[in-house]
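Commentary on secondary and tertiary structure
Next come the chains, spelled out residue by residue.
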Amino acid sequence: MKKRVLITGITGMAGSHLADYLLKEEPGVEILGTKRWRSNTHNVAHLGKTVKLVDCDLTDAVACINLLKGFRPDYIFHLAAQSYVLDSWVSPAATITDNIAMQLNLFEAIRSCEISPVIQVALSSEEYGKVYEHELPITEKNPLRPLSPYAVSKVAQDMLAYQYYESYGMKTVRTRTFNHEGPRRGEVFVTSNFAKQIAEIEAGLREPVVYVGNLEAKRDWSDVRDVVRAYWLAVNHCNYGEEYVIASGVTRTVDEMLQLLISQSRVKIEIRVDEARLRPSDVRVLHGDYSKFKAATGWEPKISFETTMLDLLDYWRMMLKSGAVTTSAATTSR
Ligand code: NDP
């Protein structure tokens, strides 16, 4: 019998790549993905009828029960979230309550339907927040010192996944993933935002200026296609209830990432700081140590950062050429 896989947040970047990965590498699975009535389904349009999409706002407890009653998954990848750190400063209550409520509704629906799926919970390196130099690289043992409402919501999701394992034996796998990028990355995220601005400049749609925030922050970037491969390994090989760092193990500054993108471009570009892009408190450095996850699964990143960033830039070039997106305002930024 086919294994049934539920992907919450399939319309997002990671969810859509996970569906691509499973359809290619695990033909014996049947995939159901959740979307909202207002979701932009562009990221999953290419999947056609190979996956089933169902309308489900996970903040609605009854909708979650109906979802699981009908499908009874063997695996759940819980990716749905308000995932943008900057938005969490604007709407802290919505970010925290929604991210927690979605997971609680899902967990309670699992209990109510008396099913026993393996559940990967998408957690974040942002949970570590303030990290001192002597505490690097970050492992599962580092203290959690979240620095944004988004990070607090992810700590809560993390602790719920632990508590439901301890209290009910729920088969949770807690993946604390560092930044991952690639085609379909939302344009509000720094890598994608820079790539889109550059593609717009190349197309003559805006002045040759890229607007930036904090360029000094250091990040540990992986390719989303490596990460979704890691998620499948996680549900098949990791210990339930445990936390795992998934990272590339390499750090780069935001400035280095920007210079790499600019070096791929055909036009001369000026860089200008935009105060609106600075956060009240920013995570200074994220540098992960994925040895525990590697020991459990054998996973290692395969795709180079250069490939990831070029694919992201090409994605925006293609989106603009096809008219699938509108251009950003010429001088403002998020
Ligand atoms: P995206 O923002 O691209 O996707 C988020 C998804 O969640 C979208 O499909 C969105 O639907 C869905 N969603 C949001 N709210 C609800 C809701 N109330 N009910 C149902 N669905 C909802 O995120 P990514 O794909 O980048 O990330 C996936 C997960 O991984 C997230 O949990 C994120 O926090 C986490 N993560 C991501 C990292 C990264 O670098 N990408 C790093 C670490 C963790 P809609 O299309 O309707 O908006």
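Residues numbered from 1 in each chain as written. Predicted model: local features only at pLDDT ≥ 70, side-chain atom pairs only at ≥ 80, totals over all residues. Heavy atoms only, no water.

Attention now moves to the domain arrangement of the chain. According to the domain assignment, the chain contains domain 1 (4–180 + 223–246) and domain 2 (183–219 + 250–285 + 303–332). A straight line from the C-alpha centre of domain 1 to that of domain 2 covers 26 Å. Counting from both sides, the interface comprises 23 residues of domain 1 and, opposite them, 20 residues of domain 2. Note that D20 and R184 form a salt bridge whose closest N and O atoms lie 2.8 Å from each other. Summed over the shared surface of domain 1 and domain 2, the result is nine residue pairs in polar contact (both at pLDDT 80 or more). Within the residue set of the side of domain 1 that touches domain 2, elements represented by two or more residues are α1 (13–25), α3 (85–90) and α7 (224–237). The leading source of residues in the side of domain 1 that touches domain 2 is α1, at four residues. Of the residues assigned to the side of domain 1 that touches domain 2, the class counts are eight nonpolar, nine polar and six charged. (Domains from an automatic or database assignment. Contact = heavy atoms within 4.5 Å. Salt bridge = Lys/Arg side-chain N within 4 Å of Asp/Glu carboxyl O. Polar contact = N/O pair within 3.5 Å; in protein donor to acceptor, adjacent residues only side chain to side chain. Helix = DSSP H or I, 4+ residues; strand = E, 2+ residues; numbered from the N terminus. Nonpolar A, V, L, I, M, F, W, Y, C, P; charged D, E, K, R; others polar.)

Looking now at the sheet that holds strand β5 (residues 118–124). The strand order across the open sheet formed by seven strands is β3-β2-β1-β4-β5-β6-β11, and the pairing between neighbours is parallel. For this open sheet the edge positions go to β3 (52–55) and β11 (243–246), each flanked by a neighbour on one side alone. Neighbour-to-neighbour, the strand axes of this sheet turn through a mean angle of 20°, independent of strand direction. Lying over the sheet, α7 contacts β1 (3–8), β2 (29–35), β4 (75–78), β5, β6 (171–177) and β11, oriented at roughly 135° with respect to β4. (Pairing = 2+ DSSP bridges. Axes fitted to C-alpha atoms, helices over the stretch in contact; angles between N-to-C directions.)

Moving on, we come to the pattern of salt bridges. Where charged atoms from two side chains of opposite charge come close, those side chains can pair. Counting across every chain of the model gives 23 salt bridges. Notably, a salt bridge pairs D311 with R225, separated by 3.0 Å at the nearest N-O pair. Residue D311 is found in helix α10 (residues 305–322), and its partner R225 is found in helix α7; the two are separated by 86 residues along the sequence. On the accessibility criterion, D311 (24% relative accessible area) is partly exposed. The class of R225 is partly exposed, set by a relative accessible area of 26%. (Buried < 20%, exposed > 50% of the residue type's maximum accessible area, 1.4 Å probe, protein only.)

Within the structure, the ligand sits among 26 residues, and T11, A14, S39, S83 and Y150 are positioned closest to it. At 3.3 Å, a backbone N or O of G9 approaches an oxygen atom of the ligand. At 2.9 Å, a backbone N or O of H180 approaches an oxygen atom of the ligand. Protein coverage of the free-state accessible area of the ligand, which is 900 Å², stands at 89%. Secondary structure elements with two or more residues in the shell around the ligand: α1, β5 and α5 (149–168). It is β5 that provides the largest number of residues to the shell around the ligand, a total of three residues. For the shell around the ligand, the class distribution of residues is 12 nonpolar, 10 polar and four charged. (Near = heavy atom within 4 Å. Areas by Shrake-Rupley, 256 points an atom, 1.4 Å probe, with all protein chains shown as cover.)

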